[in-house]
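Coordinate inspection notes
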Amino acid sequence: MLVFSQKSKLTTYLASQTSEHKTIGFVPTMGALHSGHISLIKNALKNNNITVVSIFVNPTQFNNSDDLKKYPRTLEKDIEKIKKISDKVIVFAPSVEDIYDKSVKSVSFDFDGIENQMEGKHRPGHFDGVGTIVKKLFEIVKPNNAYFGEKDFQQLQIIKKMVAKENLIVNIIGCEILRESNGLAMSSRNERLSKETREKSAIIFKFLKRTKVLFQNKSAQEISKIAAKTFKNTNNFELEYFEICDEEKLLPCLRKNKLKKYRAFIAVYADGVRLIDNISISE
Ligand code: AMP
């Protein structure tokens, strides 16, 4: 399996491989791969001639240096996991210097306000970092199709917005959320949870499913109050936000509009580990 650590080598290789008829599928990740990532990679493999997976913990999207330091880095294991599904995948695992040169900074983007909601509100600068790295990676890999998980639904909408605003020629494909058997959304951060907290974290998806039922005859504001109470009564869990927003602009639902699709979004600290999840709650 080919593993590149330098962008110049990867671009040279890809230029030698691609022709008009070959498509490149691209899956950007930060590594510590789990079945959620693997499902994206399988999707790319099925629908493209060439599949590139990047593994890069992007410093500019972390607003908390401790979180960046603690982020799991497991490159050798990741490569083994990818090999198990196909040795045809091309892995790109660059250094921070190779990507950013000497200026580890993000570009400032205007995502029409989507960047100011939820994750953007609680992680200042996060989406500038995401936009910066994804744009850089798109320029290097030049994919026809790029795969992103609905687990990070706001990120998915941000990327779609960036592609539209900057006229980038790439299809953005959203992929469904993979969950552990107890419903907890798979995440590289789950590795930092104790066995007990990992089990207890089932409460997050359980509450999202309950939201879907509650939304049939309660307002978003009423459900938010129930969320606050539920997590206040759960030891070692701290609710950062719970919001019901429309899927397109990610604005909070003040009054239900039948023409809009809604999602419930949640961010919770479970024993100090930040977990996010979301669910479609429209019929
Ligand atoms: P990350 O490595 O966390 O940056 O994630 C890389 C990609 O995998 C992103 O597009 C995520 O949305 C996606 N992803 C992460 N967790 C899951 C999951 N549980 N199910 C589906 N996709 C996921």
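Details of the structure are given in the entry above.
Residues numbered from 1 in each chain as written. Predicted model: local features only at pLDDT ≥ 70, side-chain atom pairs only at ≥ 80, totals over all residues. Heavy atoms only, no water.

1. Quick look at the site of the ligand
Neighbouring the ligand are 17 residues, the closest being M30, G149, D152, L178 and M186. Here a nitrogen atom of the ligand and a backbone polar atom of M186 are 2.9 Å apart. Coverage of the ligand by the protein chains reaches 93% of its 480 Å² of free accessible surface. Of all the elements in the fold, those that place two or more residues in the shell around the ligand are β2 (24-29), α2 (35-47) and β5 (145-149). The dominant element in the shell around the ligand, judged by the number of residues it contributes, is α2, at three residues. (Near = heavy atom within 4 Å. Polar contact = N/O pair within 3.5 Å; in protein donor to acceptor, adjacent residues only side chain to side chain. Areas by Shrake-Rupley, 256 points an atom, 1.4 Å probe, with all protein chains shown as cover. Helix = DSSP H or I, 4+ residues; strand = E, 2+ residues; numbered from the N terminus.)

2. Details of the packing of aromatic side chains
In total, this model carries ten aromatic pairs according to the counting rule given. Ring plane angle 70° and centroid distance 6.3 Å describe the contact between F26 and F138, whose orientation is recorded as edge-to-face. Residue F26 is located in strand β2, and its partner F138 is located in helix α7 (residues 126-141); the two are separated by 112 residues in the primary sequence. The exposure class of F26 is buried, given its relative accessible area of 0%. Given a relative accessible area of 7%, F138 falls into the buried group. Following the ring pairs from residue to residue traces out a cluster consisting of F26, F138 and F148. Here the guanidinium or amino end of K256 rests over the ring plane of F215, the centre of that ring lying 4.2 Å away. (Phe/Tyr/Trp six-rings, centres within 6.5 Å; stacked < 30°, edge-to-face > 60°. Buried < 20%, exposed > 50% of the residue type's maximum accessible area, 1.4 Å probe, protein only. Lys NZ or Arg CZ within 6 Å of the ring centre and 35° of its normal.)

3. What about the pattern of salt bridges?
Summed over the entire model, instances satisfying the criterion amount to 17 salt bridges. Here K165 makes a salt bridge to D112, at a shortest N to O gap of 2.6 Å. With K165 in helix α8 (residues 153-165) and D112 in the loop between α5 (96-100) and α6 (118-122), this pair connects stretches of sequence that are 53 residues apart. Several salt bridges converge on common partners, so that one network encompasses D67, R123, R189 and R192. (Salt bridge = Lys/Arg side-chain N within 4 Å of Asp/Glu carboxyl O.)

4. What about the side chain of Q155?
Mapped onto the fold, Q155 is located in helix α8. When its relative accessible area of 19% is taken as the criterion, Q155 is described as buried. Setting aside residues no more than four positions away along its own chain, Q155 makes contact with F127, V130 and F148. (Contact = heavy atoms within 4.5 Å.)

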